[in-house]
Amino acid sequence: MKPLLLLAALFALAFAIECCGGGGGASSNNRPPVASEPTCSGAVPQAQTGPRPQVGGGAANFLIPASSRELPEDRGIRAHTNHIVLIPNNNMRIIGPSGLTPAQVAGAYDVTQAGTGAIAIVDAYNYPSALDDFNTFSTEFGLPTETSSTVTDATNQVLQVVYAGGSKPADDASWSQEMALDIQWAHAMAPNAKIYLVEAASDNFTDIMHAVNVAKALTGVRQVSMSFGGNESGCLYTAFNNYLVRNNVTFFAAAGDIAGGREFPACSYNVVSVGGTSLNVNGIGVWISETAWDSTGCGPSTLEPRPVYQDDLYSTIGRYRGGVDIAAVADPNTGVSVYDSTPYQSQNGWLVIGGTSASTPIVAGIVNSSGIVFRNSQALNAKIYTGVGGANLHDITSGSSGGFNAGAGWDFPSGAGSPNGLATLLGG
C-alpha cells in the first residue's frame, strides 16, 4: 500500500475507534489502564408481562411512583422511571404552578431558550392526556403550543407522539407523570425544537430500547432523552450499548434516584450521564447556590470501561467509567412545575416533581438550545469536560450522595457541574 493511502487508512481506523468505542483492555496509545468491555454471563433474563402494581411509596411528603421503584425480579428485565412527586402540606391540592418555572431554571442556568431540529423523549406505555397537558403547561408559561388536534400526526410542528411498536400501548398513569415531566421540560428549555414522545410498548428493556432505536432515526432528531434506567448488568450492556449511537445524535440518561447507585444506560460511555442537584434560585431566575442532591445516582461503574474523555480522571475513577458527567436540578424539595391531568394516587393537575428524570430533559433541552450539533455523545462529553472549573459551569462544591462527596472540579455526584451559559462552552 502506498504511504499516503496507508496513513489515510490508519487515520480512518483511529477515528472509528474514537467515535464508536469506549476502549477496553490494554491501551496501545499510552492511555492509563482501561477495564475490558463487560460480558453477559448466564442466561439472559426473560421479559416480564403485565403492568407493575400501581402502588406508590415514599416518605410522608413524597410520592415515589410504582414506575420509579425497581423490584428484585425487575433487574435486567424492566426499566424504571426516576421521578419523585412532592406532596403538598396536609396533602392539599395545588391550584397553580408552585414548583420552579421555565424562566427560573433558564435564568439559573443562563439559557437562551431557543431550539432547533427535534428532541426525542423515550418512555414506556401511553400517556392519554399528553397533548392537552402539554398545551396547558405551554400556555401557562408562554411557550409554543401544538395546534393540531391529533397528537400522532407526522405534520405536527411542536409535539408528536410516536408508537414505537406500531400501535398504541396500554395507558399507565405512573409513566404518564414521567412523560409529562419529560416533554414539558425539554420543551421549556428548547421551545423552538419539535418534541417527539416515543412510547415503547412496555417497560421491558427489549421494548424500551427498541423505542430508542426508533427515536434516534426520527426526522430532525438531535438529542434523545432517556429518564429511565435499571441496575447495571453485563447483559444489558452487551445487548443494548450499541443502540446508543447514531451520527449527529447525542443521548442523555438519568443517573437514577438511589444515592450512589449505578444504572444502565446512564453508565454507558455512549451517553451523557445526568445527575441531580438541589437548586437555590430566586423568583426572577438568579442563581444563588447549588449542592449535590443527596439521592442522586453516581459513582464508578462496576462494569463499563473508562472512556477517553475521562482519562484525565484516572487517579480518581480508575479503570471504569465514572458517573456523572453533568448535573441539574433534581431534588423534589426544589422541584419543577409539571401539569398532568391523568390521576395517579390522588395526584393530578399541577404537580411539583423532582428526580434525575427532571434534570435529564432539562440538560437535553439546554444542549439543543445551544444550536451545536455533535457527532456523538462522546464528542459532546469531551467538550463538556474541557469546561470543568470554568465560567460556563457552576462548580458544585458541597453536598454528597451515597458516600461520594462534591468538591472543586469534577466529582462523582455533580460531574463537571451544572450549566451556566453552556452554549458558550459548547460553541467555543
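I will try to describe carefully the structure that is included in this document.

Another aspect to go through is helix H3 (residues 130-140). Along H3, the residues that are buried comprise Ala 130, Leu 131, Asp 133, Phe 134, Asn 135, Phe 137 and Ser 138. The elements touched by buried residues of H3 are helix H2 (102-108), strand S4 (159-163), helix H4 (173-189), strand S5 (194-200), strand S15 (336-344) and strand S16 (347-354). Immediately beyond the C-terminal end of H3, within one or two residues, lies Gly 142, with a positive phi of roughly 70°.

Ranked by size, the top nonpolar core spans 110 residues in total, and within it Tyr 109, Trp 185, Val 198, Ile 208, Phe 228, Val 336 and Ile 362 carry the most contacts. A total of 10 residues in this core trace back to one element, the largest contributor, which is H4. Beyond its immediate sequence surroundings of up to four residues, Tyr 109 is in contact with Thr 277, Leu 279, Glu 290, Ala 328, Val 329, Ile 362, Ile 366, His 394, Ser 418, Pro 419, Asn 420 and Gly 421.

Turning next to helix H9 (residues 377-386). One full turn of an α-helix is made of 3.6 residues, so residues set three or four places apart face in the same direction. Judged by how many residues are buried, H9 sits mostly within the fold: 7 of 10 residues are covered. Of all the positions in H9, only Ser 377, Gln 378, Ala 379, Leu 380, Asn 381, Ile 384 and Tyr 385 are classed as buried.

Before going further, it helps to examine the pairing of strand S6 (residues 221-226). On a regular strand, one side chain projects to one face of the sheet and the next to the other, so that they alternate. Of all 6 residues in S6, 5 are buried, a share of seventy percent or more. Where strand S3 (residues 118-124) meets S6, 5 bridges bridge the pair, whose relative direction is parallel. Residue pairing across strands places Ala 120 opposite Val 224, the latter belonging to S6. The pairing of S6 with strand S8 (residues 250-254) spans 4 bridges and is parallel. Bridge pairing links Met 226 to Ala 253 in S8.

Right, let's talk about the state of the cysteines for a bit. All told, the structure shown has 1 disulfide when counted by the stated rule. A sulfur-sulfur distance of 1.9 Å marks the disulfide that ties Cys 40 to Cys 235. The sign of the 75° torsion about the S-S bond sets the Cys 40-Cys 235 disulfide as right-handed. Of this pair, Cys 40 sits in the loop between helix H1 (3-20) and strand S1 (62-63) while Cys 235 sits in helix H6 (residues 234-240), placing them 195 residues apart in sequence. When its relative accessible area of 29% is taken as the criterion, Cys 40 is described as partly exposed. You can call Cys 235 buried: its relative accessible area is 17%. You can see Cys 267 has no disulfide; the closest cysteine sulfur is in Cys 298, sitting 9.7 Å from it. Cys 267 sits in the buried class, given a relative accessible area of 6%. We classify Cys 298 as buried; its relative accessible area is 2%.

This part covers the side chain of Asp 203. Within the secondary structure layout, Asp 203 lies in the loop between S5 and helix H5 (205-216). Take Asp 203: its relative accessible area is 1%, and that puts it in the buried class. Looking at Asp 203, its side chain comes within polar contact range of the side chain of Tyr 125, at 3.2 Å.

A side chain of one charge can pair with a side chain of the opposite charge if their charged atoms are brought near each other. Tallying each qualifying case throughout the model produces 6 salt bridges. Among the salt bridges present, the one from Arg 78 reaches Asp 74, with a minimum N-O distance of 4.0 Å. Accessibility classification places Arg 78 together with Asp 74 in one group, the buried group. Notably, a salt bridge pairs Asp 203 with Arg 78, separated by 3.3 Å at the nearest N-O pair. Here Asp 203, found in the loop between S5 and H5, pairs with Arg 78, found in the loop between S1 and strand S2 (84-86); they are 125 residues apart in sequence, far enough to count as distant. Linked by salt bridges that have partners in common, Arg 31, Arg 306 and Asp 311 make up one network.

Our next topic: the pairing of strand S10 (residues 272-281). Of all 10 residues making up S10, 9 are buried, and the element is well covered by its neighbours. As defined by bridge partners, S8 adjoins S10 across 3 bridges and the pair is classed as parallel. From the neighbouring strand, Phe 252 faces S10, where its bridge partner is Val 272. Of the pairings in the sheet, the one linking S10 to strand S14 (residues 326-329) comprises 4 bridges and is parallel in character. Opposite Val 274, over in S14, you have Ile 326 as the bridge partner. In terms of strand pairing, S10 meets strand S11 (residues 287-292) through 5 bridges, oriented antiparallel. By the bridge assignment, Thr 277 is partnered in S11 with Ala 292. Counted between consecutive antiparallel strands, the loop separating S10 from S11 contains 5 residues, among which Gly 285 sits at a positive phi close to 90°.

The subject of this paragraph is the sheet that holds S16. The sheet built from 4 strands is open, its strands ordered S1-S2-S16-S15 with antiparallel pairing. Among the strands making up the open sheet, the edge pair consists of S1 and S15. Here S1 pairs with S2 via 2 bridges, running antiparallel. Residue Leu 63 lies in a different strand from S2, and its bridge partner there is Val 85. Most of the contacts of H3 go to S15, to which it runs at about 150°, and overall it touches S15 and S16.

Moving on to the packing of aromatic side chains. In the structure shown here, the tally under the stated rule is 12 aromatic pairs. Three or more aromatic residues joined by ring pairs form one cluster here, namely Phe 137, Phe 141, Trp 185, Tyr 339 and Trp 350.

H4 packs onto H3 with a crossing angle of 35° between their chain directions and a minimal axis gap of 10 Å. Crossing handedness for the pair H3 and H4: right-handed. When H3 is examined against H4, the residues Ala 130, Asp 133, Phe 134, Phe 137 and Ser 138 are found in contact with a partner set consisting of Ile 183, Gln 184, Trp 185, His 187 and Ala 188. Here the residues of the contact of H3 with H4 sort into 6 nonpolar, 3 polar and 1 charged.

Cut-offs and rules
- Residues numbered from 1 in each chain as written.
- Predicted model: local features only at pLDDT ≥ 70, side-chain atom pairs only at ≥ 80, totals over all residues.
- Heavy atoms only, no water.
- Buried < 20%, exposed > 50% of the residue type's maximum accessible area, 1.4 Å probe, protein only.
- Helix = DSSP H or I, 4+ residues; strand = E, 2+ residues; numbered from the N terminus.
- Contact = heavy atoms within 4.5 Å.
- Core = buried A, V, L, I, M, F, W, Y, C linked by side-chain atoms within 4.5 Å.
- Pairing = 2+ DSSP bridges.
- Disulfide = S-S within 2.5 Å.
- Polar contact = N/O pair within 3.5 Å; in protein donor to acceptor, adjacent residues only side chain to side chain.
- Salt bridge = Lys/Arg side-chain N within 4 Å of Asp/Glu carboxyl O.
- Axes fitted to C-alpha atoms, helices over the stretch in contact; angles between N-to-C directions.
- Phe/Tyr/Trp six-rings, centres within 6.5 Å; stacked < 30°, edge-to-face > 60°.
- Left-handed = near helix turned anticlockwise from the far one by under 90°.
- Nonpolar A, V, L, I, M, F, W, Y, C, P; charged D, E, K, R; others polar.

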